[in-house]
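# Results of the structural survey
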Amino acid sequence: MKLTLVRHGEATPAVNGDDMKRPLTARGHQQAEQSAAYLKDQIQPDLFVVSPLLRAQETLAHIQQYFKDVPVMLCDHIKPDDNATDAIEWLSHLPFESVVVVCHMNVVGYIAEKLTHESFHPFALAELRIYEQSVIANGLSTQQQFFIPTV
C-alpha cells in the first residue's frame, strides 16, 4: 500500500484570524504545480484525502489535473493542530491501495514521525513524501521517495 503525504504550498497570512480561508500565493501555486508534476509519474492514486482548509484544497487542485477521475474525501482530522494519532486512526480505515493526503504542518510532520518511528522532520512547503506499508499504522511505514519544490 502507498500513502503519499503532501503539505500545502505557500499561503497568504490569515485575515482577521481566519485560518480556514487562506489561499495559496502565486509562489504557492507554483510549488503545488511542481509537486503535482513530479507526482504524476510516481503513483496511481485511488483516493485523495484533503483538509477542509482552502490552501490544502488549492494544492490538491493542482494534483487533480493529472488524475481527473480520482475521488476526493474531506477529512476534518488533518488540520494544522490536529492530533496525528487521531489522523492515523482515521486513515487506517480507508480500504484503498494508494491514498494521497494533502494537509498541513504540524500534523503532517507528526503523522510521518509516528508512521515511521523516525524523529520529527518538518515538511517544506508543498513537499511530498511517499510511504510504503502493508497497513496504515504506527511504525509500519517506510519512506520510499520525497520531493521538495524548487520555487
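Here goes a summary of the coordinates provided. These numbers come from a predicted model, not from an experiment.

### A closer look at the environment of V101
With respect to the helices and strands, the residue V101 is situated in strand 4 (residues 98-103). Overall, V101 belongs to the buried group, its relative accessible area being 0%. As for V101 and R7, which are separated by 94 residues in sequence, their C-alpha atoms are 8.5 Å apart.

### Quick notes on the pairing of strand 1 (residues 2-7)
With 5 of 6 residues buried, strand 1 is to be regarded as a mostly interior element. As defined by bridge partners, strand 1 adjoins strand 4 across 6 bridges and the pair is classed as parallel. Looking at strand 4, one finds that L3 is bridged to V99.

### Digging into the pattern of salt bridges
Under the counting rule described, the total for this entry stands at 8 salt bridges. Between R27 and E10 there is a salt bridge, with its nearest N and O atoms 2.8 Å apart. Pair noted here: R27 is in helix 1 (residues 26-39) and E10 is in the loop between strand 1 and helix 1, with a separation of 17 residues, a long-range link. Looking at R27, the relative accessible area reads 36%, which means it is partly exposed. Salt bridges sharing common partners tie together D19, R22 and R55.

Parameters at a glance
- Residues numbered from 1 in each chain as written.
- Predicted model: local features only at pLDDT ≥ 70, side-chain atom pairs only at ≥ 80, totals over all residues.
- Heavy atoms only, no water.
- Helix = DSSP H or I, 4+ residues; strand = E, 2+ residues; numbered from the N terminus.
- Buried < 20%, exposed > 50% of the residue type's maximum accessible area, 1.4 Å probe, protein only.
- Pairing = 2+ DSSP bridges.
- Salt bridge = Lys/Arg side-chain N within 4 Å of Asp/Glu carboxyl O.

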